[in-house]
Amino acid sequence: MVGADPILEPDAVIREVSPALWLTLSSLGRALRQPASFLPLQTAEARGTTFNATIGQITDGRGGAVPLPTMAAALAGLDEAERSRAFLYSSVKGFPDLRRLWREWQRRGVRAEIPSSLPMVTVGTTQALALAAKLVVAEGRKVVLPAPLRDADRELFKVRLGAEAIPCDCCQGGSFDPAAVSRILAELPDGEPAVVVLEFPREDTGYEPKSRERTTFCWALASAAERRPVVAIVDDTWEGLGTPSTSLFWGLIGLHPNLVPLKVDGAEGQLGFAGGRIGFLTFPFEPESPITVALESKLKMLLRAEVGSPSAASQVLLLQALQARVQGICTPPQLLGQSP
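Below or above, wherever it landed, is the structure these notes cover. Model, not experiment: these values are computed from the prediction.

1. Describing the nonpolar core
In terms of nonpolar packing, the biggest core is built from 45 residues, with Leu21, Val136, Val137, Phe157, Ile233 and Leu281 touching the most fellow members. Looking at this core element by element, the count peaks at 8 residues for helix H8 (residues 124–136). Discounting residues that sit within four places of it in the chain, Val137 has contacts with Ser26, Val143, Phe157, Leu161, Ala163 and Val195. Formed by 33 residues, the second largest nonpolar core is a distinct cluster that contains Leu185, Phe217, Val230 and Ala232.

2. Some details on the layout of surface pockets
The computed volume of the second largest pocket comes to approximately 380 Å³. Around the second largest pocket sit 20 residues that line it, and Thr125, Thr126, Leu129, Arg150 and Ala152 are the ones nearest its centre. For the lining of the second largest pocket, the secondary-structure elements that each account for two or more residues are H8 and helix H9 (151–160). Here the lining of the second largest pocket takes 6 residues from H8, the largest share from any one element. When its residues are assigned to classes, the lining of the second largest pocket shows 7 nonpolar, 4 polar and 9 charged.

3. A closer look at the pairing of strand S2 (residues 142–146)
S2 sits mainly inside the fold: 5 of its 5 residues count as buried. Taken together, the 5 bridges between S2 and strand S3 (residues 164–168) define a ladder with parallel strand orientation. Residue pairing in the sheet places Pro146 in a bridge with Cys168 of S3. Taking the sense of rotation as the criterion, the β-α-β connection linking S2, H9 and S3 turns out right-handed. Across 3 bridges, the pairing between S2 and strand S4 (residues 194–199) is parallel. Paired with Val144 across the two strands is Val196, which belongs to S4.

4. A look at the environment of Arg228
Within the secondary structure layout, Arg228 lies in the loop between helix H11 (211–224) and strand S5 (230–235). Among the residues examined, Arg228 registers a relative accessible area of 2% and is labelled buried. Residues Arg228 and Leu101, spaced 127 residues apart in sequence, show a C-alpha to C-alpha distance of 35 Å. One polar contact links the side chain of Arg228 to the main-chain carbonyl oxygen of Pro189, over a distance of 2.6 Å. Reaching out from Arg228, the side chain makes a polar contact with the backbone oxygen of Glu192 at a distance of 3.1 Å.

Definitions and cut-offs
Residues numbered from 1 in each chain as written. Predicted model: local features only at pLDDT ≥ 70, side-chain atom pairs only at ≥ 80, totals over all residues. Heavy atoms only, no water. Core = buried A, V, L, I, M, F, W, Y, C linked by side-chain atoms within 4.5 Å. Buried < 20%, exposed > 50% of the residue type's maximum accessible area, 1.4 Å probe, protein only. Helix = DSSP H or I, 4+ residues; strand = E, 2+ residues; numbered from the N terminus. Contact = heavy atoms within 4.5 Å. 1 Å grid on protein atoms, 1.4 Å probe; cavity = no way out; pocket = protein on both sides within 12 Å on 5 of 7 lines; lining within 4 Å. Points joined across faces, edges and corners; volume = space filled by probe spheres on them. Nonpolar A, V, L, I, M, F, W, Y, C, P; charged D, E, K, R; others polar. Pairing = 2+ DSSP bridges. Right-handed = clockwise from strand over helix to strand, strands pointing away. Polar contact = N/O pair within 3.5 Å; in protein donor to acceptor, adjacent residues only side chain to side chain.

Laid out in structure tokens, this is it:
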């Protein structure tokens with residue numbers, strides 16, 4: 001449907017731009033909708049009244065936060081504007097400036113013509129993975145997962161989503177097998193959508209494929225997509241700090257129309273900010289493109305239903321630390337809760 005509104009008609013937009021992604025969406029993924037006017041009812045009812053007594057964040061009448069003194073002291077190292085920002089609600093998708101800066105950080109060494117959205121902020125990489133999974137994992141869907149199967153993956157994919165988990169060890173015998181996932185997919189009925197979860201470096205071993213192995217793996221997965229839609233959730237929680245980025249996400253974008261990668265990453269692994277619980281979910285489409293807006297509108301509803309919005313205080317701290325990192329300055333330890 002040409003010209004469909006990505007907020008009011010997200011399914012039409014997704015179906016037109018990426019038929020493979022549309023076919024892979026779960027029943028929940030298809031049902032998610034953002035209201036035309038995304039404003040909490042309580043706030044809407046209070047507008048224009050003489051006395052606004054709704055329960056929510058406390059401000060000074062000029063938009064500034066009014067924190068308790070003991071809470072303000074905990075963030076005394078921030079200037080007044082940043083400290084106020086840390087005590088107010090974040091937008092559901094996260095701070096726009098943090099999203100832009102994390103995108104810049106993600107794309108170190110990535111060619112400009114390779115598309116990627118502004119990453120959505122989540123409560124840790126675990127929630128980013130769960131949001132991606134809920135979008136595309138229907139009950140009974142085949143999901144190829146890293147072996148040995150982690151307890152967290154078993155609980156998310158098998159227990160909560162009812163998927164058929166297929167463990168795959170690409171690193172048997174200490175060597176990397178680029179075709180291991182493709183062989184598993186080849187055994188599934190033609191046309192049946194599948195989801196693949198990739199994790200490099202591996203959490204249990206730290207193993208990461210070499211450059212040539214990554215290229216071979218990406219093309220093998222693209223070949224498997226000839227016979228079915230494949231969504232590859234690339235879990236980059238433990239991606240290193242090197243330049244360029246070593247994520248498989250970039251190599252998978254645009255290889256085949258039936259192959260759609262989603263990127264999960266965050267500050268807990270890459271910057272050692274585990275306590276901040278800041279993760280990101282990124283789509284392989286340009287920022288503000290219709291399909292990006294459509295996907296964000298769906299996942300924004302799911303994120304709001306689960307946590308409301310991500311932590312503003314953690315985003316303020318990460319933003320300052322990331323600005324220092326991107327500018328090539330050593331990250332101030334006190335911003336990430338480390339000892340000097």
